[in-house]
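An overview of the molecular structure
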Amino acid sequence: MTGTAAAIAATTLEAGPAASAATAATTGPGPDAVSVLPGDPRYPDLVVGNNSRWVAHPESVRLVRTTEQVVRAVQEAVDGNKRISVRSGGHCYADFVFNPEVRVVIDTSMLDSVAYDEKMQAFSVGAGSTLLHAYESLFRGWGVTVPGGMCYSVGAGGHISGGGYGMLSRRHGLTVDHLYAVEVVVVDTRGRARSVVATREADDPDRDLWWAHTGGGGGNFGVVTRYWFRSPGATDTAPSSLLPRPPKEVLVSALALPWSELDKDSFTALVRAFGEWHEKNGAPESTGASLCSFLMMNHKANGSIGLLTQIDATVPGAEKALDEFIADVTASMSDGALRPMSAPVGELGPLPDLFTPQRLSWLHSVKLLGTSNPTLTNPTLRGHHKSAYLRKNVTEAQAQAMYRHLTRTDHENPQSMVVLLSYGGRINTVRPGDTASAQRDSVFKGLFQSFWAGSGDDAANIGWTRDVFGEVFSATGGYPVPGPATDGCYINYPDADITDTGVNTTGVPWYTLYYKGNYPRLQQIKATYDPRNTFRHSQSITLPNPT
């Protein structure tokens, strides 16, 4: 980092970890960002993300390498009254980044450095770093990690700001539970772009901006350029003690459960057994908290349902706990019905060698599972997605609704699916208002989605996803309204329908489903740091109504 950006960092860090706003000039030394224009061969790859439904046609994509370049790019867009969007890894499920109104895309993918910051006493991760790059760098350099998601190419920028979670979260919490500081380029009332470093320190006047990035979602307040991580309560000065240390080894199991062995009753028992186990095994210090599992229920046309499970192999009784979990969840199936995962199931490719649980080094498991997702490498796939936080097990009627739609003969897409994912444990030891991630007592999550290749199949796949989701949550108007059994939706799995009152008939606003009671505070922070509503998209946090 050079020029003004270096001066920003030096000023902030030398003032101590509770230092406040740092402001950068909009011009100064150093090269400008690379502008990729429509005639550039790079342009087609930079105006569409992982979901090919969403494509933009901006005037330019600005590829940035420094905070200073971000400040200048934002300032130029503001001065030209041009709509901005921000891309990190390109995995947004909705049109937040790529939509017809965007004139300038600020691409942070080259802001990907991972380092230990001695003055901050925290690990710096660039907003453009992919999760796999961050995991490898943190682990190889210092033997530590953050408990983030499994997909290797997801970018840190959006993953962290939305309250990312992953296979270590039941033991170590959400990524944002370890977030110490964030650097954000914001725009003030006068239209002046500047960078702000906000920390979690109680006396930091910009602490609210840090809080907003612990689950407030991407693209709402400014352009995140980097994060710093240090676990709360970490007092040792050794970097290797400042973040969670991943397991030395993990046990990984991948099973295929053939649809030929399932009828309505055995399917219902399977789904409810998965939920029941999570209801009973949510204690953060239990052996069960070291176990994470995905029940990947593809449409019957796929041929199989997948059960992927990982547990910390160093925990006493790990093998027994894994065996008992698999036995409990699959108890409704006949002896010998389980198969190796020899074909794609859920979002995973073939993993036949994991039919018998294998001991793998943690980093080996991260790379194996993270790169085995075929949906991440197919540039033609379109998708529709919906999510739910589940505080309690699904009912028999809800499981049977899943069965009906997963066995429909009028829609036979092998990549239409319902996925149940482990949650709870250490995640639920944090109070809902301590971070912007408000859902802090759920035991597992649901992800309802469909993938397909051509626009001609949009209506069928969007309709199927709406149908299964709407029927599963029909008792509360078709969405998982916060209440005794459900707790809303996950902002990092944005739902393109959630603002449509014709689909979301609950009467509960979309922002309550995502943010619950934290939304008014997020609006006030929006008013402070983005008073002109420079950073906005189809589901962005709105400015509070004037009083």
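Details of the structure are given in the entry above.
Before going into details, it helps to say that this report is about the structure given with it. As the structure is a computational prediction, the values presented were derived from the model and not from experiment.

Further remarks concern the overall build of the chain. The helix and strand tally for the chain stands at 14 helices and 17 strands. Considering the chain as a whole, with its 547 residues, one finds that 61% of them fall into the buried category. Here the contacts in the chain between residues at least 6 apart in sequence split such that 73% fall between residues at least 24 apart. Of the roughly 19700 Å² of accessible surface on the chain, a fraction of 51% belongs to carbon and sulfur atoms. Between the averaged position of the 46 positive side-chain charges in the chain and that of its 53 negative side-chain charges there is a distance of 3 Å.

Grouped together as the largest cluster of nonpolar side chains are 125 residues, with contacts concentrated most on Phe267, Leu295, Met297, Ile305, Leu308 and Met402. Leave out the neighbours within four places in its chain, and isoleucine 305 touches Leu255, Ala256, Leu257, Trp259, Leu262, Phe267, Leu270, Leu295, Met296, Met297, Asn298 and Val345. Formed by 17 residues, the second largest nonpolar core is a distinct cluster that contains Ala73, Val74, Ala77 and Val78.

The subject of this paragraph is unusual backbone geometry. In the Ramachandran plot, asparagine 81 falls in the positive-phi region, its phi being about 55° despite a non-glycine side chain. Tracing the backbone shows asparagine 81 in the loop between α3 (67-79) and β3 (84-87).

Our next topic: α3. Taking 1.5 Å per residue, 13 residues should reach 18 Å; α3 reaches 18 Å between its end C-alpha atoms and fits that length. Counting buried positions along α3 yields 11 of 13 residues, so the element is predominantly enclosed. Listed as buried for α3 are Thr67, Glu68, Gln69, Val70, Val71, Arg72, Ala73, Val74, Gln75, Ala77 and Val78. Trailing α3 by a residue or two, asparagine 81 shows a phi angle of about 55°, which is positive.

What follows is about the packing of helix α11 (residues 396-406) against helix α12 (residues 458-472). To describe two helices that pack against each other, one gives the angle between their axes and the distance between the axes. Look at α11 against α12: their axes get within 8 Å of each other, and the N-to-C directions meet at 165°. Judged by the inter-axis angle, α11 sits roughly antiparallel to α12. Taken as a pair, α11 and α12 cross one another with a handedness that is right-handed. From α11, Gln398, Ala401, Met402, Arg404, His405 and Leu406 reach across to α12, where they touch Trp464, Asp467, Val468, Glu471 and Val472.

This part covers the environment of glutamine 358. Inspection of the secondary structure assignment puts glutamine 358 in strand β14 (residues 358-361). Here the side chain of glutamine 358 touches threonine 356 through a polar contact of 3.0 Å, landing on its backbone oxygen.

On to the sheet that holds strand β5 (residues 114-117), then. Taken together, the 5 strands give an open sheet; going across it, the order is β5-β6-β9-β7-β8, and neighbouring strands pair in antiparallel fashion. Every interior strand has two partners, whereas the edge strands, β5 and β8 (193-199), have only one. Across the sheet, the mean angle from the axis of one strand to that of its neighbour is 20°, orientation sign disregarded. Lying on the sheet, α3 is in contact with β7 (179-187), β8 and β9 (223-229); it crosses β7 at an angle near 35°.

As enumerated under the stated definition, the model contains 27 aromatic pairs in all. Arranged with centres 6.1 Å apart and planes meeting at 85°, the rings of phenylalanine 274 and phenylalanine 444 form a pair that is edge-to-face. Of the two residues, phenylalanine 274 sits in helix α8 (residues 264-280) while phenylalanine 444 sits in strand β17 (residues 444-452), which places them 170 residues apart along the sequence. Like phenylalanine 444, phenylalanine 274 is buried. A cation sits over an aromatic face here: lysine 445 above tyrosine 490, 3.2 Å from the ring centre. We note arginine 521 situated over the ring of tryptophan 211; from NZ or CZ to the ring centre the distance is 3.9 Å.

Now for the state of the cysteines. If you walk through the whole model with that rule in mind, you get 0 disulfides. Just so you know, cysteine 489 is unpaired, no disulfide at all, and the nearest cysteine sulfur is the one on cysteine 92, 15 Å from it.

A word on the pairing of β17. Most of β17 is tucked away, with 9 of its 9 residues classed as buried. Where burial is concerned, the two faces of β17 agree: the one with Phe444, Gly446, Phe448, Ser450 and Trp452 and the one with Lys445, Leu447, Gln449 and Phe451 are both buried. In terms of strand pairing, strand β15 (residues 382-390) meets β17 through 9 bridges, oriented antiparallel. In the sheet register, glycine 383 faces β17, and the bridge partner there is phenylalanine 451. Alignment of strand β16 (residues 416-422) against β17, held across 7 bridges, turns out to be antiparallel. The partner of serine 422 across the bridge, within β17, is phenylalanine 444.

Take the packing of α8 against α11 next. Where α8 contacts α11, the axes come no closer than 9 Å and their chain directions differ by 120°. Considering their axes alone, α8 and α11 lie oblique with respect to each other. At the point where α8 passes α11, the crossing takes the right-handed sense. Contacts from Lys264, Phe267, Thr268, Val271 and Arg272 in α8 reach Glu396, Ala399, Gln400, Met402, Tyr403 and Leu406 in α11.

Another aspect to go through is α12. Over its 15 residues, α12 extends 21 Å from the first C-alpha to the last, a length consistent with the 21 Å expected when each residue adds 1.5 Å. Where α12 is concerned, the buried positions are Asp458, Asn461, Ile462, Trp464, Thr465, Val468, Phe469 and Val472. Take α12 and look down its axis: the buried residues cluster within an arc of 155°, on one side only. Residues of α12 that are buried in the fold lie against β15, α11, β16 and β17.

What counts, and where the lines are drawn
Residues numbered from 1 in each chain as written. Predicted model: local features only at pLDDT ≥ 70, side-chain atom pairs only at ≥ 80, totals over all residues. Heavy atoms only, no water. Helix = DSSP H or I, 4+ residues; strand = E, 2+ residues; numbered from the N terminus. Buried < 20%, exposed > 50% of the residue type's maximum accessible area, 1.4 Å probe, protein only. Contact = heavy atoms within 4.5 Å. Areas by Shrake-Rupley, 256 points an atom, 1.4 Å probe, with all protein chains shown as cover. Lys, Arg positive; Asp, Glu negative; His and termini not counted. Charge placed at Lys NZ, Arg CZ, Asp CG, Glu CD. Core = buried A, V, L, I, M, F, W, Y, C linked by side-chain atoms within 4.5 Å. Expected span 1.5 Å × (residues − 1). Axes fitted to C-alpha atoms, helices over the stretch in contact; angles between N-to-C directions. Parallel < 35°, antiparallel > 145°, perpendicular 65-115°, else oblique. Left-handed = near helix turned anticlockwise from the far one by under 90°. Polar contact = N/O pair within 3.5 Å; in protein donor to acceptor, adjacent residues only side chain to side chain. Pairing = 2+ DSSP bridges. Phe/Tyr/Trp six-rings, centres within 6.5 Å; stacked < 30°, edge-to-face > 60°. Lys NZ or Arg CZ within 6 Å of the ring centre and 35° of its normal. Disulfide = S-S within 2.5 Å. Arc of directions from axis to C-beta.

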